Structures are given as C-alpha cells and as structure tokens.
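Single-letter residue listing:
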Amino acid sequence: MKIKTFEFNPLGVNTYVLYDRTGECIVVDASCFFPDENKLLLNFILDNNLVVKHLVNTHLHFDHIFGVNFLASQFGLKLLVHRDDIVLLENLSQQLQLFGFNTNVDYRPEIGGFLAENDVVSFGEQQLKVLHVPGHSPGSIVFYNEKEKLALVGDVLFNGSIGRTDLLEGSFEQLTEGIRTKLFTFSDDTEVYPGHGPKTTIGQERRYNPFVGTGS
C-alpha cells in the first residue's frame, strides 16, 4: 500500500490518498479548500491513473470536509462516515462562521452510507478495519491495517497530543479511554497518520504522549 499525504486549507488538515498496484484508491478526509488545492488533489489521482473506490472521513468537523463535494462530483461518489457524526452537519454554518469562513458556501456532503465498529473498507488488495473512537467528535473513527502496520486516526491522536474535546459532544474521558483500550493495543511500530501535523508511531505515543502515555 502507498500513502500520499496532502496538507490542505488554512487549518492544515491532512488529506490521505491510499492506493496499491491495482490502481484502486480511497481518499480520506478530502479537505482541499482553495481552487489550486482542488486541482492538486485531482491531478494526483488522474496523473497516477487511480480509480477512486471510496470517499471516507474520520469525522465531520468542517475543516475535514471542504473538498468532499468537489471529489464526489468528479467521481460520482458519496461519502462514508460514522452515523454519530451527522449531528455536526446540523450546525455547519455556525462552525464556519466561528472560524471566519464564508457562511454562504454550503459544504454539507451527501452521505452515501455509514461505517461502524469492525466494518471493513476495501480497495484493490487492501482492507482497512474501522474502529469507533469517540471523544473528539461523537462519530470519530480510525482506519487500521494490521498487516501494513498503519492507522489513520483523524483528530483522535496526534504526535505528542490528542484531539480537542471542548467541541460539540466532545468528551476527554471517552477519547482517552478509546486511545488506551483500542489504539494502544496496536504494535509499537504501527505508524499513526493524524488529521493534523506529522505522523508518529503507537510506541512513541504510548511512552511519551503527555495525555495518554504510560512512560514505558
């Protein structure tokens, strides 16, 4: 499996394109905002002759969905998310206004289906297991591949930090419990691809993360 990382929009969200030798791919958290960002993501897909099988999101905070409608229109797809995050779309305009974005633009994506705990997202020769880890948002999910030793975690876990829990339906207790009981069961060398910032490893965060680390 190959992973291409893009950092998009003023909030610096990581968008991931996962693909393999079959040419099939998925796009995780399509967050391109500016026209040149849309073009950059689309051209990568087209230039590499990739077939987009799924558009998926780790969660539905506004900064992670800016590019979903653009890609959906290009490839005739609808978004796959966790059902519990639909509540975030109900106050989307308020979220945009709070962060100074144009509230006249509707970024609400069309939902094509729901992902739940232990579901599998497949493309090419790859499979990603879905884990529900609420706390940053009620429907935050992680995509995990044990064989490839990688996890795309959205805003659940960061390099040296965790997702904020002061937003709508956030919970520090839920988030830290989910990280410890689910993500920290992965092997130390599992690579962690977060929603913002550089990647890290489970071992690094298990030992040194100031919020959930054990020190050993």
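For clarity, every value in this text was computed on a predicted model and none was experimentally measured.

**Student:** Let's hear about the overall build of the protein chain: which residues, and what values?
**Tutor:** Of regular secondary structure, the protein chain possesses five helices and 14 strands. Its C-alpha atoms give the protein chain a radius of gyration of 16 Å, near enough to 17 Å, the size a compact globule of 216 residues would have. Judged by the C-alpha coordinates and their principal axes, the protein chain covers about 45 × 40 × 25 Å. Here the protein chain holds 216 residues, and the buried ones make up 52% of them. Look at the contacts in the protein chain between residues 6 or more apart in sequence, and 61% of them connect residues 24 or more apart. Of the accessible surface of the protein chain, which amounts to about 9700 Å², a share of 47% is contributed by carbon and sulfur atoms. Of note, the protein chain has its 17 positive side-chain charges centred 5 Å away from the centre of its 27 negative side-chain charges.

**Student:** Outline the side chain of Asn-57, listing residues and values.
**Tutor:** As for its position among the elements, Asn-57 is in the loop between strand 4 (51-56) and helix 2 (68-75). Asn-57 sits in the buried class, given a relative accessible area of 1%. Side-chain polar atoms of Asn-57 contact the side chain of Asp-29, separated by 3.3 Å. Here His-59 takes part through its backbone oxygen, which lies 3.0 Å from a polar atom of the side chain of Asn-57. Setting aside chain neighbours within four positions, we find Asn-57 in contact with Asp-29, Ala-30, His-64, Ile-65, Val-68, Leu-79, Leu-80, Val-81, Ile-141 and Phe-143.

**Student:** Describe the sheet that holds strand 8 (residues 126-132), listing the residues and the values that go with them.
**Tutor:** Spatially, the six strands line up as an open sheet ordered 7-8-9-10-13-14, and their pairing is mixed. Unpaired on one side and paired on the other, strand 7 (120-123) and strand 14 (200-201) mark the two borders of the sheet. Across four bridges, strand 7 lies against strand 8 in antiparallel orientation. In the strand pairing of strand 8, Val-120 is matched with Lys-129.

**Student:** Summarise the nonpolar core; cite the residues concerned and give the values.
**Tutor:** Ranked by internal contacts, the top residues of the largest apolar core, which has 30 residues, are Val-17, Val-27, Leu-41 and Leu-55. Elements represented by at least two residues in this core include exactly strand 1 (2-8), strand 2 (13-19), strand 3 (24-28), helix 1 (35-47), strand 4, helix 2, strand 5 (79-81) and helix 3 (92-98). Setting aside its immediate chain neighbours within four residues, Val-17 contacts Lys-2, Ile-3, Lys-4, Phe-6, Cys-25, Ile-26, Val-27, Leu-41, Phe-44 and Leu-50. Within the second largest apolar cluster, 17 residues are counted, among which are Val-156, Leu-157, Leu-183 and Phe-184.

Definitions and limits used
Here the residue index of a chain counts from 1 through its sequence in written order. Selection of residues for local features in this predicted model requires a pLDDT of at least 70, selection of side-chain atom pairs for listing and counting requires 80 or more, and totals for whole chains, interfaces and linings are taken over all residues. The basis for the side-chain values is all heavy atoms of the structure; hydrogens and waters are excluded. A helix here means a DSSP run of H or I that spans at least four residues, while a strand means a run of E at least two residues long, and both kinds are numbered starting from the N terminus. Between the two quantities, the radius of gyration covers C-alpha atoms and the globule rule is 2.2 Å times the number of residues to the power 0.38. Remark: exposure states derive from per-residue accessible area (1.4 Å probe, protein chains only) relative to the maximum for the residue type, with buried under 20%, exposed over 50%, and partly exposed in between. The contact definition used throughout considers only heavy atoms, calling two residues in contact when any of these lie within 4.5 Å. We get accessible surface area from the Shrake-Rupley algorithm with a probe of 1.4 Å; when it comes to residues, only the shown protein chains can shield them. Counting rule applied: Lys, Arg positive; Asp, Glu negative; His and chain ends not counted. By convention, the point assigned to a charge is CZ for Arg, NZ for Lys, CD for Glu and CG for Asp. Polar contacts, as used here, are pairs of N or O atoms within 3.5 Å; protein pairs need one atom able to donate a hydrogen and one able to accept it. Residues neighboring in sequence count only if both atoms are side-chain atoms. Any two strands between which DSSP finds at least two bridges are classified as paired. To form a nonpolar core, buried Ala, Val, Leu, Ile, Met, Phe, Trp, Tyr and Cys residues must be joined to one another through side-chain atoms within 4.5 Å.

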